[in-house]
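Coordinates in review
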Amino acid sequence: MHVFISYSRRDQASITQLRADFERLGHQVWFDRQSHGGQQWWDEVLHHVRGCVVFVFAVSPDSIRSSACLAELRYAAALRRPILPVVVSRVPRADIPEGLGTGAVDYTERSAETAISLLKAFNALPMAKPLTSRLPQEPEIPATYLHAYLDRIDADELAEEDQVELLDQLRTRLTDEHERPEVWNLLVRLRGRPGLTGPVADAIEDLLSPGWQPDPQGRFEARYWDGQAWTTLVVQHGQEFDDRGRPPRVDVEPRRLTDATELLPRAVVARAPEAPVPRRKKTFPWLVATGVILVAGGIAGGLLLLGGTGPDPGSAVHVARKFVDAVNTRDDQAMQQYVCTADLEKNRHLYGAFFDTANVTLESVDAHGDEPRFTILAARTIGNSSVTLSIPLADQNGEWRVCDIDKALSGR
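Everything in this summary refers to the structure shown in the same document. (Residues numbered from 1 in each chain as written. Predicted model: local features only at pLDDT ≥ 70, side-chain atom pairs only at ≥ 80, totals over all residues. Heavy atoms only, no water.)

1. With respect to unusual backbone geometry
Of note, the phi angle at Arg80 is positive, near 60°, even though the residue is not glycine. Relative to the helices and strands, Arg80 is located in the loop between helix 3 (67-78) and strand 4 (83-87). The phi angle at Asp404 is positive, at roughly 55°, despite the residue not being glycine. Within the secondary structure, Asp404 sits in the loop between strand 15 (399-402) and helix 12 (405-410). (Helix = DSSP H or I, 4+ residues; strand = E, 2+ residues; numbered from the N terminus.)

Spelled out as structure tokens, the structure:
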């Protein structure tokens, strides 16, 4: 039984849970996982609306303002598909579109009770009737700024002045919190376009460089972007943690996010690093350890110098973040800048033990005491397994460097 879920991307976390509940009930679920991608994308969406036996509309403040969601809803109604409204975020009753105000399932707090309510509401729906040979007219692709920008990005030719204008417009739209997630995807798409001029390419790399950004899913204050993809490292109430685990306890009043680049864990007191140098991508070797393919990264360097005060503990944070950024962006040249000479000679094959099916996040840095080190988490994107690595820090010629990574991998 094919269930179509219409939703706003800012509600994706709730949709993932909703999909799981429907699949547990034995239903096949389809929902759009891609960014709005032009006419081909829209044709596929409408195809699945026609093929569904139940049309689920995820009600939220964002979905009822989405031109795409509303167009899908109108088309489903015209096709006489059974419609099940599911409230994933509170909406004033007066703002709910006509036809969705009655029979809605409250899914704002998922529980055993909500799952039962979902089942009852689903079973109470009428059977979907076969489609007639005379179908209603298909709605046009939502006439939003996004469609126009996609056409320009995917055009066969994009003159230099058009590149500059397009980049300026997208950069301006990043300031709109509602448009930002989709605009970010457009910038990623533009970055992959061939034929960009050097200044435009460099400006895009600067915008998309690793660092803290407002969470595109809207679940947390900020999420860490590694230069290529969103990681599982997030910030909530000023504390940094991995969103696959349990959030840390907070006994203080939450503060409003103002500058995401300033948010770091309490144990990490330095600012996030500057934008990295232009990347030179290189495929890293794979490493299997402790029964799981690990993502390894670290900071250490040479032998601790005897005497003197050693490097500034605060600079360890900068080196740690720069090294992790280099690993996440597959910048081999940048990574080598933070590895000690001894490891470049004897352990070079171990660096690059990072793989595409995991998210690498820096959890903490402790540059004090006799064993300075930092902690990194490798969380697999498939399944729930993760590995925490504690990697030593060392002083090489007055600067922190990554070293002895073999000890971290072996658990010593």
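Now that the structure has been shown, the text picks up again.
2. Some remarks on the state of the cysteines
Using the criterion set out here, one finds one disulfide in the structure. Sulfur-sulfur distance for the disulfide between Cys340 and Cys403 comes to 2.1 Å. Taking the sign of the torsion about the S-S bond as the criterion, the disulfide between Cys340 and Cys403, at about 65°, is right-handed. With Cys340 in the loop between helix 10 (332-336) and helix 11 (341-346) and Cys403 in the loop between strand 15 and helix 12, this residue pair connects regions lying 63 residues apart in the sequence. For Cys340, a relative accessible area of 0% translates into the label buried. (Disulfide = S-S within 2.5 Å. Buried < 20%, exposed > 50% of the residue type's maximum accessible area, 1.4 Å probe, protein only.)

3. Regarding the side chain of Thr231
Among the secondary structure elements, Thr231 is positioned in strand 8 (residues 230-236). From its side chain, Thr231 meets the backbone nitrogen of Leu233 in a polar contact 3.2 Å long. (Polar contact = N/O pair within 3.5 Å; in protein donor to acceptor, adjacent residues only side chain to side chain.)

4. Some points on the nonpolar core
Ranked by size, the top nonpolar core spans 28 residues in total, and within it Phe323, Tyr351, Val365, Phe374 and Leu393 carry the most contacts. Breaking this core down by element, the ones donating at least two residues are helix 9 (313-328), helix 10, strand 12 (358-366), strand 13 (373-380), strand 14 (386-396), strand 15 and helix 12. By residue number, the principal contributor to this core is helix 9, which donates eight residues. (Core = buried A, V, L, I, M, F, W, Y, C linked by side-chain atoms within 4.5 Å.)

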